[in-house]
Amino acid sequence: MSTPSSELFVSVIFPTCNHTASLGRAIDSVLSQDRPPDELIVVDDRPEVDLSPVLAPYAGRITVHRQANVTLVNQFAHDAVLKIDHLRRHVAVAHRGLEATTRGTGSPEGV
């Protein structure tokens with residue numbers, strides 16, 4: 001997966017938690033794009049189920065991070081400048097049990 005320097009570098013990140021049934025289809029749909037990503041990262045959160053059989057066919061084409069208890073993922077534009085309390089407030093939203101999603105500004109709902 002390489003890109004001419006004149007194009008944007010495209011990353012796709014799949015956070016997953018024991019989703020073996022749909023993960024392969026999701027990865028296939030990304031890798032078969034007419035403009036494939038430069039990197040595809042699978043974040044295996046709380047790996048109670050071994051995803052190795054699902055991920056093995058993609059060896060060399062994806063990056064896998066295995067870690068426990070990831071509850072928030074933030075996406076920011078390259079020019080984003082966060083307020084000093086952004087992450088603390090985002091965590092507070094999650095602790096209140098609200099769905100912590102990001103808008104175009106990178107601000108979690110409810111903050």
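This write-up is about the structure you can find in this document. Note that this is a predicted model, so its numbers are computed, not measured. (Residues numbered from 1 in each chain as written. Predicted model: local features only at pLDDT ≥ 70, side-chain atom pairs only at ≥ 80, totals over all residues. Heavy atoms only, no water.)

Along the protein, the regular secondary structure elements total three helices and three strands. In the protein, the succession of α and β elements from N to C terminus is β-α-β-α-β-α. Taken over 111 residues, the protein has a buried fraction of 23%. For the protein, contacts bridging at least 24 residues in sequence account for 50% of all contacts bridging at least 6. With the model as given, the accessible surface of the protein reaches about 7700 Å², and the carbon-plus-sulfur share is 52%. (Helix = DSSP H or I, 4+ residues; strand = E, 2+ residues; numbered from the N terminus. Buried < 20%, exposed > 50% of the residue type's maximum accessible area, 1.4 Å probe, protein only. Contact = heavy atoms within 4.5 Å. Areas by Shrake-Rupley, 256 points an atom, 1.4 Å probe, with all protein chains shown as cover.)

Here helix H1 (residues 20–31) is 12 residues long and its end C-alpha atoms lie 17 Å apart, about the 16 Å a rise of 1.5 Å per residue gives. Every buried residue of H1 is accounted for by Leu-23, Gly-24, Ile-27, Val-30 and Leu-31. The buried residues of H1 occupy an angular sector of 130 degrees when projected down its axis, which confines them to one face. Opposite its buried face, H1 presents the exposed residues Ala-21 and Arg-25, each directed more than 90 degrees away. Buried residues along H1 sit against strand E1 (11–16), strand E2 (39–45) and helix H2 (52–55). (Expected span 1.5 Å × (residues − 1). Arc of directions from axis to C-beta.)

A cluster of nonpolar residues, Phe-76, Leu-82 and Leu-87, forms a patch on the protein surface that exposes about 250 Å² of accessible area. Here Leu-87 lies in helix H3 (residues 86–95). On the basis of relative accessible area, Leu-87 is assigned to the partly exposed category, the value being 49%. (Patch = residues over 30% accessible without salt bridge, like charges linked within 9 Å, V, L, I, M, F, W, Y side chains within 5 Å. Salt bridge = Lys/Arg side-chain N within 4 Å of Asp/Glu carboxyl O.)

Below, the discussion takes up the sheet that holds E1. Here we have three strands laid out as an open sheet, ordered E1-E2-E3, and parallel in their pairing. Each edge of the open sheet is held by one strand with a lone partner, namely E1 and strand E3 (63–67). Each neighbouring strand pair of the sheet contributes to a mean axis angle of 15 degrees, computed without reference to strand direction. Across five bridges, E2 lies against E3 in parallel orientation. From the neighbouring strand, Asp-44 faces E3, where its bridge partner is Arg-66. (Pairing = 2+ DSSP bridges. Axes fitted to C-alpha atoms, helices over the stretch in contact; angles between N-to-C directions.)

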